[in-house]
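Observations on chain architecture
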Amino acid sequence: MNVGVKGAELHYTVRGRGPVCLVPSSMGTKPFELQLSSPLTDQFQFVFMDLRGSGQSTGNFTDLTFGLLAEDLEAVRLDVGAERVAILGHSILGVLAIEYGRRRPESVSHVITAGTPPKGDMQWGAAKSQEFFAADASEERKEILRENLARVPQGQTNILAYTPMRFFDARFNMAPLLAEAAFNPAVFAHLLGPLTHAWDVTAGSDSLRVPIFLAHGRYDYVVPYTLWDGIPETLPDATFRLFERSGHQPFFEEPEAFGAAVTEWMASRP
């Protein structure tokens with residue numbers, strides 16, 4: 001489905017049944033459709049949306065600001081016909097979910113993030129990631145990562161090599177999940193750079209009126225759960241949940257536990 005907005009045509013797909021939950025994506029909707037499947041689609045109606053200038057959406061991604069993003073999400077919400085929605089943002093897209101809730105509390109009932117950092121400073125985050133992996137990961141996990149990286153041609157990068165940092169199962173094959181991904185390095189550069197670099201969840205936190213669920217995996221070495229130490233308690237209404245058999249995407253690795261935790265939390269904050 002598509003909805004027209006100023007300067008772009010936004011593409012989205014709908015799966016599942018239950019409360020409407022928007023899921024923004026910067027690499028096409030397919031990867032999230034695969035990861036957010038049954039049993040989660042029996043509990044939520046997911047609306048997977050390509051950010052402008054990414055996936056099948058048109059427009060210029062460099063136009064994206066938090067304000068324009070909120071307008072785009074509002075257009076999708078209205079096109080779906082939902083009075084209010086939850087929003088789920090994964091990794092850096094959790095920042096976008098939080099900012100949509102900040103700007104549209106009348107439209108957003110709940111904000112859910114998974115593997116999202118409390119700051120947008122990627123240099124800081126990368127240093128913390130390496131530090132946590134060095135101190136916490138098992139020798140077997142470290143050896144698998146070294147073996148994976150040794151197979152990557154010199155001068156190239158391959159996200160598949162970083163499975164030990166992203167999944168509870170260090171040998172998990174994530175290639176099928178990304179087979180239909182629409183990667184655009186320039187989109188990621190904008191999201192991780194100009195859009196979120198100076199962002200800090202504690203800055204202006206009094207304006208975060210929508211309840212926030214912060215999901216993290218115990219074996220997430222990309223965005224370690226320890227980055228949030230002491231922060232949720234300073235926010236107006238934030239719930240932190242650690243999933244013990246997950247890495248960077250607990251909604252995929254522990255879907256039953258994730259779904260149960262989120263639905264219970266949402267019921268406690270109608």
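Scroll up to find the structure this text is about.
Keep in mind that what you see is a predicted model, and the values were worked out from it rather than measured.

Rules used in this analysis
- Residues numbered from 1 in each chain as written.
- Predicted model: local features only at pLDDT ≥ 70, side-chain atom pairs only at ≥ 80, totals over all residues.
- Heavy atoms only, no water.
- Helix = DSSP H or I, 4+ residues; strand = E, 2+ residues; numbered from the N terminus.
- Rg over C-alpha atoms; globule rule 2.2 N^0.38 Å.
- Buried < 20%, exposed > 50% of the residue type's maximum accessible area, 1.4 Å probe, protein only.
- Areas by Shrake-Rupley, 256 points an atom, 1.4 Å probe, with all protein chains shown as cover.
- Core = buried A, V, L, I, M, F, W, Y, C linked by side-chain atoms within 4.5 Å.
- Contact = heavy atoms within 4.5 Å.
- Pairing = 2+ DSSP bridges.
- Axes fitted to C-alpha atoms, helices over the stretch in contact; angles between N-to-C directions.
- Phe/Tyr/Trp six-rings, centres within 6.5 Å; stacked < 30°, edge-to-face > 60°.

Observations concerning the overall build of the chain
- Along the backbone of the chain there are ten helices and eight strands.
- For the chain, whose C-alpha radius of gyration is 18 Å, the value lies close to the compact-globule estimate of 18 Å for 270 residues.
- Viewed in the frame of its principal axes, the chain has a C-alpha envelope of about 50 × 40 × 35 Å.
- With 270 residues in all, the chain has 54% of them scored as buried.
- Split by element, the accessible area of the chain, about 11,800 Å² in all, is 51% carbon and sulfur.

Let's talk about the nonpolar core
- Counting 70 residues, the largest nonpolar core has Leu 36, Phe 46, Leu 96 and Phe 258 as its most contacted members.
- Aside from chain neighbours lying at most four places away, what touches Leu 96 is Leu 51, Phe 66, Leu 69, Leu 191, Leu 195 and Thr 196.
- With seven residues, the next largest nonpolar core counts Phe 132, Leu 145, Met 165 and Tyr 225 among its residues.

Thoughts on the sheet that holds strand β2 (residues 8-16)
- Strands sit in the order β1-β2-β4-β3-β5-β6-β7-β8 across an open sheet of eight strands; the sheet is mixed. With one partner strand each, in any of the chains shown, β1 (2-5) and β8 (238-243) form the two edges of the open sheet. Geometrically, the sheet is characterised by an average inter-axis angle of 25° between neighbouring strands, direction not taken into account.
- Where strand β6 (residues 108-114) lies against strand β7 (residues 212-217), four bridges are found, and the strand directions are parallel. In the strand pairing of β7, Ile 112 is matched with Phe 213.
- The sheet contacts of helix α10 (residues 255-268) involve β5 (85-90), β6, β7 and β8, and relative to β6 the element is tilted by about 150°.

Quick look at the packing of aromatic side chains
- Here the structure, examined in full by the defined rule, presents 13 aromatic pairs.
- The interplanar angle of 45° and the centroid separation of 6.5 Å between the aromatic rings of Phe 32 and Phe 251 together place this pair among those described as tilted. Note that Phe 32 is positioned in helix α1 (residues 30-35) and Phe 251 in helix α9 (residues 250-253), a separation of 219 residues in sequence.
- Phe 32 gets classed as buried once you look at its relative accessible area, which sits at 4%.
- On the basis of relative accessible area, Phe 251 is assigned to the buried category, the value being 1%.
- Ring centres 5.3 Å apart and planes at 35° place the aromatic pair Phe 132 and Tyr 221 in the tilted group.

Here's the deal with the pairing of β1
- Burial along β1 is one-sided: Val 3 and Val 5 are buried, while Asn 2 and Gly 4, pointing the other way, are not.
- Alignment of β1 against β2, held across four bridges, turns out to be antiparallel. Directly across from Asn 2, in β2, lies its bridge partner His 11.
- With antiparallel pairing between neighbouring strands as the criterion, β1 and β2 make up a hairpin whose turn holds two residues, including Gly 7 at a positive phi of roughly 85°.

Focus on the side chain of Thr 196
- If you trace the backbone, Thr 196 turns up in the loop between α8 (185-195) and β7.
- Classification of Thr 196 as buried rests on a relative accessible area of 1%.
- In this view, Thr 196 contacts Phe 66, Ile 92, Val 95, Leu 96, Gly 120, Asp 121 and Leu 191; residues no more than four positions away in its chain are not counted.

So, unusual backbone geometry
- Residue Pro 39 is reached from Ser 38 by a cis peptide bond, and omega for that bond is 10°.
- Looking at the element boundaries, Pro 39 is found in the loop between α1 and β4 (45-50).
- If you check the backbone angles, Ser 91 has positive phi at about 60° while not being a glycine.

Focus on helix α3 (residues 93-103)
- In terms of burial, α3 is a largely internal element, ten of the eleven residues being buried.
- Those residues of α3 that sit buried are Leu 93, Gly 94, Val 95, Leu 96, Ala 97, Ile 98, Glu 99, Tyr 100, Gly 101 and Arg 102.

Function cannot be inferred from these measures alone, as they are strictly geometric.
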